[in-house]
Amino acid sequence: MCCASELLQLTAHPAVVAIVAGSAVLYFMLFRKSQLPAIPFELRPPPESLPGWQGNEVLESPSIIVPGNPELIQCFDPATGRSLGQVKATTTDELEAKIERARKAQKTWAAMTFEQRRQVLRSLNEFVLSHQREICQVACRDSGKTLVDATLGEVLTTSAKLQWTIKNGEAALADDSRDPGFMMMYKRAKVVYQPRGVVAALVSWNYPFHNTIGPVISALFAGNAIVVKASEHVAWSMSYWEQMVKRALNVCGHDPDLVHFVTGFAEIGVAVTSSPRIDHITFIGSPEVGKLVMRSASANLTPVTLELGGKDCAVVFGDADMAQCVPVLMRSVIQNASQNCIGIERILVQDTAYEGFVDEMTRRIRAVRVGSILDDKPNTVDCGAMVLSNCADRLESLIEDAVSKGARCLVGGHRFAHPLHPKGQYFAPTLLVDVTPAMDITRNETFGPIMVVMKFADEKDALEKVHSSPYGLGSSVFSGDRSRGRRVALALRTGMANVNDFGVNYICQSLPFGGVGISGFGRFAGPEGLRSLCVEKAFTEDRFPLVKTPIPPIVDYPIQDSEKGYQFTQQIVAFAYSDSWWGSIKAGLRLGKLSM
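So, here is what we can say about the structure in this document.

Rules used in this analysis
- Residues numbered from 1 in each chain as written.
- Predicted model: local features only at pLDDT ≥ 70, side-chain atom pairs only at ≥ 80, totals over all residues.
- Heavy atoms only, no water.
- Helix = DSSP H or I, 4+ residues; strand = E, 2+ residues; numbered from the N terminus.
- Buried < 20%, exposed > 50% of the residue type's maximum accessible area, 1.4 Å probe, protein only.
- Contact = heavy atoms within 4.5 Å.
- Areas by Shrake-Rupley, 256 points an atom, 1.4 Å probe, with all protein chains shown as cover.
- Lys, Arg positive; Asp, Glu negative; His and termini not counted.
- Charge placed at Lys NZ, Arg CZ, Asp CG, Glu CD.
- Disulfide = S-S within 2.5 Å.
- Phe/Tyr/Trp six-rings, centres within 6.5 Å; stacked < 30°, edge-to-face > 60°.
- Lys NZ or Arg CZ within 6 Å of the ring centre and 35° of its normal.
- Pairing = 2+ DSSP bridges.
- Axes fitted to C-alpha atoms, helices over the stretch in contact; angles between N-to-C directions.
- Salt bridge = Lys/Arg side-chain N within 4 Å of Asp/Glu carboxyl O.
- Parallel < 35°, antiparallel > 145°, perpendicular 65-115°, else oblique.
- Left-handed = near helix turned anticlockwise from the far one by under 90°.
- Nonpolar A, V, L, I, M, F, W, Y, C, P; charged D, E, K, R; others polar.
- Core = buried A, V, L, I, M, F, W, Y, C linked by side-chain atoms within 4.5 Å.
- Patch = residues over 30% accessible without salt bridge, like charges linked within 9 Å, V, L, I, M, F, W, Y side chains within 5 Å.

### With respect to the overall build of the protein chain
Thought 1: For the protein chain, the count of helices and strands is 18 helices and 22 strands.
Thought 2: For the protein chain, the spread of C-alpha atoms along the three principal axes comes to 95 × 75 × 70 Å.
Thought 3: Expressed as a percentage of the 596 residues in the protein chain, the buried residues total 52%.
Thought 4: Relative to all contacts within the protein chain whose residues are 6 or more apart in sequence, the contacts with residues 24 or more apart total 71%.
Thought 5: Element-wise, carbon and sulfur atoms account for 59% of the exposed surface of the protein chain, whose accessible area totals about 27,600 Å².
Thought 6: Charged side chains of the protein chain number 60 positive and 61 negative; the gap between the two group centres comes to 5 Å.

Written out as structure tokens, the structure reads:
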């Protein structure tokens, strides 16, 4: 109290106030970088995204195919089967025109400063933060997910990527000075990260907002233009996301042609990946389609980053904190109806904790309610719909195979006929236990709300069972022993691992995202992801103006004495790279003798 009163008395003097204020102003003028502010803009969401909307008919047999017209895509809400209208598929001529406009816009954009690029991302981030509900509702209507799942998987992840890129992107792409080595000590050596040009992203349907906007964030900040091929299964929302990005570019004074979204069936995907005017491809999808993308891109040797899904495991030891572990694993399976590339699709539980774990999960999964978050009564929906109309047959077949080989299906195991939405696409939350590596479901990505539980005895047994799958994207280890948790996580053949958690590596946007095995290669997110969208140019220049690389007369063309020239170059190698000072000294003396 005494110090506070003294401070108040001091600040009452005008001279003190002037000194403090002047110091603050001087500090900001000299040391704070100038920052271009976010520019607000508005964009009205489509009316179909409003809760309770019933403007169109419910389709008798919901499908994206319009019979007799391959140029159109039928859009519908997978939670209800209600039509959202039709979207025209992009033609190859339209694609080429978009790429051409993007390439022209990129030439100017590449010259923009990092601060100008940051302003676009700030403006986009401000829009996302102030329009979370609208964005989530659009995503829910197009993909059938819940508002909670949309917030976590669409908005939170996008804002995390925006903020990390705004704060750290410039440092990741700054010139990287390298040691030139002893022989080139008179040179400066560095890596310069330059834009590739026009890049492409072909993205999956499970998170329509984040999957399309994420590649745009990285591409723009790296100085590129981008063409995004959105999935035909979520073509309805594509226009809203594209307008959002174009509006952010426009209000900041930049060409909206930097970003183009296209959609359509396989033909337009092939046109994107085979285009000689695309300089890099990011693909998110299945291993089967990933191989086709590689094959198509190889015609022009276009570099690719492939994220091809996973069969992610969670290894739960007997000493794990079950009060923390169980809710996390419930979310890992139920969130977005487990239509997550890093969803946990195999839970390995140590035999000492197995029965108790199964009992608790049986109780919890039986209580999960499915439905349409935008159309059903409040507090009645935990899990949303399945985006693909043909997935139920495949999921039921995998479950039937497991049961025929000894597994027990304790909850669900079949498609769910919703009493309010008979044309909705639902699969009952499922608990499948006593699963072994011999069952097909352990080697095939399900992308559905199926909790697969396996038993293991010790670390060796757990690792053998985890590695029986060819996938290797993400993983989790739960243990009260930190050393064991770290040891097992690092031993897993996966691209990502979390100890006592699930999927949080992606919220840490400083980390690269990607897998091994048939889960793909290359990385997005983090410095590695940004740099993958750049040409990594090796660059040297003279350190001192008057010191340049000379060509000694003994090896200047035409070489007068080949043997003597060879001995000279041999001693240069010994002088520069000998392991001992004495070896370098002897080589130096020989060089002097040969030069005479």
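### A closer look at the state of the cysteines
Thought 1: By the definition in use, this model includes 0 disulfides.
Thought 2: Left without a disulfide partner, Cys75 is nearest to the cysteine sulfur of Cys140, which lies 17 Å away.
Thought 3: Residue classification places Cys75 among the buried residues on the basis of a relative accessible area of 3%.

### What to know about the packing of aromatic side chains
Thought 1: Per the counting criterion, the structure on display carries 9 aromatic pairs.
Thought 2: When the ring of Tyr240 is compared with that of Trp241, the centres are 5.3 Å apart and the planes differ by 55°; the resulting orientation is tilted. By the burial criterion, Tyr240 is buried, and Trp241 matches it.
Thought 3: Members of the aromatic cluster, connected to one another through ring pairs, are Phe209, Tyr240 and Trp241.
Thought 4: A cation over a ring is seen here: Lys455 above Tyr354, with NZ or CZ 4.7 Å from the ring centre.
Thought 5: A cation over a ring is seen here: Arg484 above Phe317, with NZ or CZ 4.1 Å from the ring centre.

### Focus: unusual backbone geometry
Thought 1: In this chain, Tyr557 is followed by Pro558 through a cis amide linkage whose omega measures -5°.
Thought 2: If you trace the backbone, Pro558 turns up in the loop between strand E22 (534-542) and helix H17 (562-577).
Thought 3: A positive phi angle, close to 65°, is found at Asn379, a residue other than glycine.
Thought 4: Position of Asn379 among the secondary structure elements: in the loop between helix H12 (354-366) and helix H13 (391-404).
Thought 5: Look at Asn379 and you get exposed, because its relative accessible area is 69%.
Thought 6: One non-glycine residue, Asn500, lies in the positive phi region at around 60°.
Thought 7: Looking at the element boundaries, Asn500 is found in the loop between strand E19 (498-499) and strand E20 (516-517).

### Digging into the sheet that holds strand E12 (residues 408-411)
Thought 1: An order of E12-E15-E16-E11-E10-E18-E19 is seen for the 7 strands of this open sheet, with the pairing classed as mixed. Strands at the two margins of the open sheet, each flanked by one partner only, are E12 and E19.
Thought 2: Two strands pair when backbone bridges link them, and strand E11 (residues 344-350) and strand E16 (residues 450-456) are joined in this way by 4 bridges, in the parallel orientation. Bridge pairing in E16 places Gln350 opposite Phe456.
Thought 3: The sheet strands contacting H13 are E12, strand E15 (430-433) and E16, and the helix crosses E15 at an angle near 30°.

### Digging into the pattern of salt bridges
Thought 1: Taken as a whole and judged by the stated rule, the model has 32 salt bridges.
Thought 2: The salt bridge involving Lys190 is made with Asp175; its shortest N-O contact spans 3.1 Å. With a gap of 15 residues between them, Lys190 in strand E4 (residues 187-195) and Asp175 in the loop between helix H6 (147-173) and strand E3 (176-178) connect regions that are remote in the sequence.
Thought 3: Classification of Lys190 as partly exposed rests on a relative accessible area of 23%.
Thought 4: Note on Asp175: relative accessible area 41%, which makes it partly exposed.
Thought 5: The residue Lys460 makes a salt bridge to Glu464 at a minimum N-O spacing of 2.7 Å. Note that Lys460 and Glu464 are positioned in helix H14 (residues 459-466) at a spacing of 4 residues, about one turn of the helix.

### Topic: the packing of helix H4 (residues 114-130) against helix H8 (residues 235-251)
Thought 1: Interaxial distance between H4 and H8 falls to 8 Å at its minimum, and their mutual angle equals 135°. Relative to H8, the element H4 is oriented oblique. As H4 packs across H8, the resulting crossing turns out to be right-handed. In this structure, H4 contributes Val120, Leu124 and Phe127 to the contact, and H8 contributes Tyr240, Met244, Ala248 and Leu249.
Thought 2: Tallied by class, residues from the contact of H4 with H8 come to 7 nonpolar, no polar and no charged.

### Focus on the nonpolar core
Nonpolar side chains tend toward joint burial in soluble globular proteins.
Thought 1: Counting 94 residues, the largest nonpolar core has Ile135, Trp241, Met244, Val259 and Phe513 as the members making the most contacts within it.
Thought 2: Counting residues per element, this core draws most heavily on H8, which supplies 9 residues.
Thought 3: Ignoring sequence-local partners within four residues, the contact set of Trp241 consists of Ile135, Val138, Ala139, Pro208, Phe209, Thr212, Ile213 and Phe261.
Thought 4: Counting residues in hydrophobic clusters, the runner-up holds 61 residues, among them Val333, Val349, Leu395 and Val411.

### Concerning the sheet that holds E3
Thought 1: If you trace the 3 strands from one edge of the open sheet to the other, you get E3-E4-E22, paired in antiparallel fashion. Two strands lie at the open edges of the sheet, namely E3 and E22, each paired on one side alone. Across the sheet, the mean angle separating the axes of adjacent strands is 30° when strand polarity is ignored.
Thought 2: Bridging between E4 and E22 involves 9 bridges; their strand directions are antiparallel. Paired with Arg188 across the strands is Glu541, a residue of E22.

### Thoughts on the environment of Phe76
Thought 1: Secondary-structure assignment places Phe76 in strand E1 (residues 72-76).
Thought 2: Along the chain, Phe76 and Ser63 lie 13 residues apart, while their C-alpha atoms are 7.8 Å from each other.
Thought 3: Setting aside chain neighbours within four positions, we find Phe76 in contact with Leu59, Pro62, Ser63, Ile64, Gly81, Arg82, Ser83, Leu84, Asp142 and Gln425.

### So, a nonpolar patch on the surface
Thought 1: Taken together, the side chains of Phe182, Met183, Met184, Met185, Val573, Phe575 and Tyr577 define a hydrophobic patch exposed on the protein surface, amounting to about 650 Å² of accessible area.
Thought 2: Of note, Met183 is situated in the loop between E3 and E4.

### Quick notes on the pairing of strand E2 (residues 83-88)
Thought 1: Judged from the 5 bridges that link them, E1 and E2 form a sheet pairing that is antiparallel. Among the inter-strand pairings, Ile73 is bridged to a residue of E2, identified as Val87.
Thought 2: Counted between consecutive antiparallel strands, the loop separating E1 from E2 contains 6 residues, among which Gly81 sits at a positive phi close to 80°.

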